[in-house]
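Below are the chains, spelled out letter by letter.
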Amino acid sequence: MIDIDTAAIRRLRDYFLDTDTSTVSEAPALPEAALAAVLRRAEPFAETMSLMMMADGSAGDEEWRTLAGAFHVLTQGAATDAMVAEMLETFAENLQRQGAISRLQQIGAQLSANVEDRETAFSLGAVVALADRTVDVRESELIQVLAEYYGISNRRVDALLNALD
């Protein structure tokens, strides 16, 4: 079993929980095509977090806020809470139609060319699993599957989970 309750993951969780997603960045609004590209780029990370959030059958407030904070950071403030909510609806539909394992396989294939992207998605999944300060057995099982489907070795998992220690 992978122990994700590390200082590094707790710090990321706290950072994302403290991220103010109610305001859009003060930078000029992105053109529609650029915004679509930013959202597309962040989507596999958000869906990984969404799958983790739903692993225990419910999405708690802290999990949602952690995911929204992480997505806000990933999009450099371009994504609003409404955009996050819309994406989560799509992810929930995908999960219901295809199942978690199928979605992880597809996301893993989408991220397969870039080891840093796979590692980032894994780490963000761990952060969401720990968002409510407890890790349900189903979340723990899913984090194992994440590592497997994203091609992350046990040694590298340990390094990622303790990166900031």
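What you are looking at is a predicted structure, and each value in this text was computed from that prediction instead of being measured.

## A closer look at the packing of helix H5 (residues 100-111) against helix H7 (residues 137-149)
Point 1. One way to put it is that H5 packs onto H7 with a least axis distance of 10 Å and a crossing angle of 35°. Judged by the twist between their axes, the crossing of H5 over H7 is right-handed. Residues Ile101, Leu104, Gln105 and Gly108 of H5 touch H7, and the partners they reach there are Leu142, Val145, Leu146 and Tyr149.
Point 2. Grouping the constituent residues of the contact of H5 with H7 by class yields six nonpolar, two polar and no charged.

## Details of the confidence of the model for the chain
Point 1. Mean pLDDT for the chain: 88, with 94% of residues reaching 70 or above.
Point 2. The least confident element of the chain, judged by mean pLDDT, is H5 at 90; the most confident is helix H6 (residues 115-129) at 94.

## Notes on the nonpolar core
Point 1. Counting residues in hydrophobic clusters, the biggest one holds 44 residues, and the most contacted among them are Ile4, Phe71, Phe122, Ile143, Tyr150 and Leu161.
Point 2. Mapped by element, the contributors of at least two residues to this core are helix H1 (7-18), helix H2 (32-54), helix H3 (61-74), helix H4 (81-98), H5, H6, H7 and helix H8 (154-161).
Point 3. Tallying contributions element by element places H2 first for this core, with nine residues.
Point 4. Those residues in contact with Phe122 that sit more than four places away from it in its chain are Ile143, Leu146, Ala147, Tyr150, Ile152, Val157, Leu160 and Leu161.

## Some details on unusual backbone geometry
The phi angle of most residues is negative, glycine excepted, and most peptide bonds adopt the trans form.
Point 1. Although it is not a glycine, Gln76 sits at a positive phi angle of roughly 50°.
Point 2. Tracing the chain through its elements places Gln76 in the loop between H3 and H4.
Point 3. Here Gln76 falls in the exposed class, since its relative accessible area comes to 69%.
Point 4. Non-glycine residue Arg133 carries a positive phi angle of around 70°.
Point 5. Position of Arg133 relative to the elements: it lies in the loop between H6 and H7.
Point 6. Assessed through its relative accessible area of 44%, Arg133 is described here as partly exposed.

## Some remarks on the environment of Phe71
Point 1. Examined against the element boundaries, Phe71 turns out to sit in helix H3.
Point 2. Residue Phe71 is classed as buried on the basis of its relative accessible area of 1%.
Point 3. Phe71 sits 81 residues away from Ile152 along the chain, and the two C-alpha atoms are 22 Å apart.
Point 4. Excluding residues that lie within four positions of it along the chain, Phe71 makes contacts with Leu39, Ala42, Ala46, Met49, Ala79, Val84 and Met87.

## Focus on the environment of Ala126
Point 1. Following the sequence through the fold, Ala126 ends up in helix H6.
Point 2. According to the relative accessible area criterion, Ala126 is buried, its value standing at 0%.
Point 3. Between the C-alpha atom of Ala126 and that of Thr6, which follows or precedes it by 120 residues, the distance is 10.0 Å.
Point 4. The contact partners of Ala126, leaving out residues within four places of it in the chain, are Ile4, Ile9, Ile143 and Leu161.

## Here we look at the side chain of Ser50
Point 1. Looking at the element boundaries, Ser50 is found in helix H2.
Point 2. When near neighbours in sequence (up to four residues on either side) are disregarded, Ser50 contacts Leu67, Leu88 and Phe91.

## So, the packing of H1 against H3
Point 1. Two elements in contact, H1 and H3, have axes separated by 7 Å at closest approach and are oriented at 85°. Taken together, the axes of H1 and H3 are roughly perpendicular relative to one another. Two secondary-structure elements touch here, H1 through Arg13, Tyr15, Phe16 and Leu17 and H3 through Glu62, Arg65, Thr66, Gly69, Ala70 and Val73.
Point 2. When its residues are assigned to classes, the contact of H1 with H3 shows five nonpolar, two polar and three charged.

Scoring rules and cut-offs
Residues numbered from 1 in each chain as written. Predicted model: local features only at pLDDT ≥ 70, side-chain atom pairs only at ≥ 80, totals over all residues. Heavy atoms only, no water. Axes fitted to C-alpha atoms, helices over the stretch in contact; angles between N-to-C directions. Helix = DSSP H or I, 4+ residues; strand = E, 2+ residues; numbered from the N terminus. Left-handed = near helix turned anticlockwise from the far one by under 90°. Contact = heavy atoms within 4.5 Å. Nonpolar A, V, L, I, M, F, W, Y, C, P; charged D, E, K, R; others polar. pLDDT = per-residue confidence, 0-100. Core = buried A, V, L, I, M, F, W, Y, C linked by side-chain atoms within 4.5 Å. Buried < 20%, exposed > 50% of the residue type's maximum accessible area, 1.4 Å probe, protein only. Parallel < 35°, antiparallel > 145°, perpendicular 65-115°, else oblique.

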